[in-house]
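# Observations on chain architecture
The lines below spell out each chain.
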Amino acid sequence: FAVIFNSNTASRKKLNLINKVISSLQSSHDVELFKTQNERDAKEVFKKLSAKNFDRLVVAGGDGSVCFAINQIIDDLNFKDKLLGYIPTGTTNILQIETQIKKRSEEIFNVLISDNHKKISLAKINNKYFFLMAGVGFDSKIVESVNVKIKKYLGKMIFVYKGFEHFLFLKNNKMEIVIDNEKILADWVLCTSSKYYAGSYSITNDTNIFANKIITYIFKDLSRVNLLYYVWLILTKGDLSSAKSVIKKDVDQLKINMLKNKLLFHVDGENCGYDDSLQIQTTNKFINLLVP
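The present account deals with the structure reproduced in this document. Worth saying up front: this structure is predicted, and the values here are computed from it rather than measured. (Residues numbered from 1 in each chain as written. Predicted model: local features only at pLDDT ≥ 70, side-chain atom pairs only at ≥ 80, totals over all residues. Heavy atoms only, no water.)

## Notes on helix 3 (residues 63-73)
Burial analysis of helix 3 places eight of its 11 residues in the buried class, the great majority of the element. Buried residues of helix 3: Asp63, Gly64, Val66, Cys67, Phe68, Ala69, Ile70 and Ile73, and no others. (Buried < 20%, exposed > 50% of the residue type's maximum accessible area, 1.4 Å probe, protein only. Helix = DSSP H or I, 4+ residues; strand = E, 2+ residues; numbered from the N terminus.)

So this is what it looks like as structure tokens:
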């Protein structure tokens, strides 16, 4: 096993879980541990791993850590037949919820040594792959505003606080969405391959991470009242489809163009900065993830 994690972003409790899993693995398997401090360190680690002989890659972290790892290995033939394992120590851990991996060291260990795995298809936004979602607009502003160091200590509460802050001072930037030659002006776009959002909250009944399918929600005129209604739909129905102010699309690709402002976007909860235009599409790429 090759195990990689960022020691700077993990709390004491999460480090304890990682150490327990690693200790169990070391009792009967060869384990090489790679601790990183930042993204630059992590990129160097993946370069070294490409030349090493190992069977399984284990990422300890959250959804963003797994997404980062996928983007490092997906086009490298040396990683082609490697199974990917996961120790859930992130903030929202949507991957853990989708796969129903328990946050107990003995159960995680049993998953990592098993041969039970599932294919997770990947989507792409410009040159970045994602396996959960990509957002442009309201949620990308929240992600950008979260301080990584504070997130380490406050966890989900920092997202609640920042979400409420952006709700109070809502400021929309119109963008142009192009789907099958149809042009739509909107304030927010959310493309999801995941059933869940912001944790264990269901937002669609039409896809999950094991289906090669993107559901796109286009929010044309985002307002505080509409946002409250969307929260109510999520809590009561687990699906946003019935909202008349939301356009739902089931397509393999779409394009988003900036109008007055550059497009701020995130993938799998990680800030990706700004761009003039974004191309989102399904791909034939996939990973094999170890699951219960």
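There's plenty left to go through after this.
## Side note on a nonpolar patch on the surface
Among the surface-exposed residues, Ile150, Tyr153, Leu154, Met157 and Val160 lie close enough to one another that they form a single nonpolar patch of about 550 Å² accessible area. Of all elements in the fold, only helix 7 (148-154) and helix 8 (156-168) reach the threshold of two or more residues within the nonpolar patch. No other element matches helix 7, which puts three residues into the nonpolar patch. With respect to the helices, strands and loops of the structure, methionine 157 is situated in helix 8. (Patch = residues over 30% accessible without salt bridge, like charges linked within 9 Å, V, L, I, M, F, W, Y side chains within 5 Å. Areas by Shrake-Rupley, 256 points an atom, 1.4 Å probe, with all protein chains shown as cover. Salt bridge = Lys/Arg side-chain N within 4 Å of Asp/Glu carboxyl O.)

## Topic: the environment of leucine 83
As for its placement among the helices and strands, leucine 83 is situated in strand 4 (residues 83-88). Along the backbone, leucine 83 and leucine 289 are 206 residues apart, and their C-alpha atoms lie at a distance of 6.1 Å. With residues near it in sequence (within four places) discarded, leucine 83 still touches Asp55, Arg56, Leu57, His117, Asn288 and Leu290. (Contact = heavy atoms within 4.5 Å.)

## A short note on the packing of helix 2 (residues 39-50) against helix 3
To describe two helices that pack against each other, one gives the angle between their axes and the distance between the axes. Look at helix 2 against helix 3: their axes get within 10 Å of each other, and the N-to-C directions meet at 45 degrees. With respect to helix 3, the axis of helix 2 lies oblique. For the pair helix 2 and helix 3, the sense of crossing is right-handed. Where helix 2 approaches helix 3, its residues Glu39, Ala42, Lys43 and Phe46 are matched on the opposing element by Phe68, Ala69, Gln72 and Ile73. In the contact of helix 2 with helix 3, the residues fall into five nonpolar, one polar and two charged. (Axes fitted to C-alpha atoms, helices over the stretch in contact; angles between N-to-C directions. Parallel < 35°, antiparallel > 145°, perpendicular 65-115°, else oblique. Left-handed = near helix turned anticlockwise from the far one by under 90°. Nonpolar A, V, L, I, M, F, W, Y, C, P; charged D, E, K, R; others polar.)

## Considerations on the packing of aromatic side chains
By the definition in use, this model includes eight aromatic pairs. In textbook terms, an aromatic cluster arises when at least three aromatic residues are bridged by ring pairs, as seen for Phe138, Trp188, Phe219, Tyr229, Tyr230 and Trp232. If you follow lysine 82 out to its NZ or CZ, it ends over the ring of phenylalanine 54, 5.1 Å from the centre. Taking NZ or CZ as reference, lysine 118 lies 4.6 Å from the ring centre of phenylalanine 210, over its face. (Phe/Tyr/Trp six-rings, centres within 6.5 Å; stacked < 30°, edge-to-face > 60°. Lys NZ or Arg CZ within 6 Å of the ring centre and 35° of its normal.)

## Things to note about the layout of surface pockets
When its volume is computed, the second largest pocket comes out at roughly 330 Å³. What lines the second largest pocket is a set of 15 residues, and nearest its centre among them are Ile74, Phe79, Lys80, Asp81 and Phe286. In terms of residue count, the dominant contributor to the lining of the second largest pocket is strand 18 (residues 277-290) (five residues). Here the lining of the second largest pocket is built from residues that sort into seven nonpolar, two polar and six charged. (1 Å grid on protein atoms, 1.4 Å probe; cavity = no way out; pocket = protein on both sides within 12 Å on 5 of 7 lines; lining within 4 Å. Points joined across faces, edges and corners; volume = space filled by probe spheres on them.)

## Thoughts on empty space enclosed by the protein
Evaluated as defined, the whole model comprises one cavity of 30 Å³ or more. In this structure, the largest cavity occupies an estimated 50 Å³ of space. Per-element tally for the lining of the largest cavity: the top contributor is strand 5 (residues 117-125), with three residues. In terms of residue class, the lining of the largest cavity is built from five nonpolar, four polar and one charged.

## Some remarks on the packing of helix 1 (residues 12-26) against helix 5 (residues 105-113)
Here helix 1 crosses helix 5 at 50 degrees, and the two axes come no closer than 9 Å. What the angle tells us is that helix 1 and helix 5 run oblique. Helix 5 is crossed by helix 1, and the crossing has right-handed handedness. For the pair helix 1 and helix 5, contact is made by Leu17, Lys20, Val21, Ser24 and Leu25 and by Ser105, Ile108, Phe109, Leu112 and Ile113, respectively.

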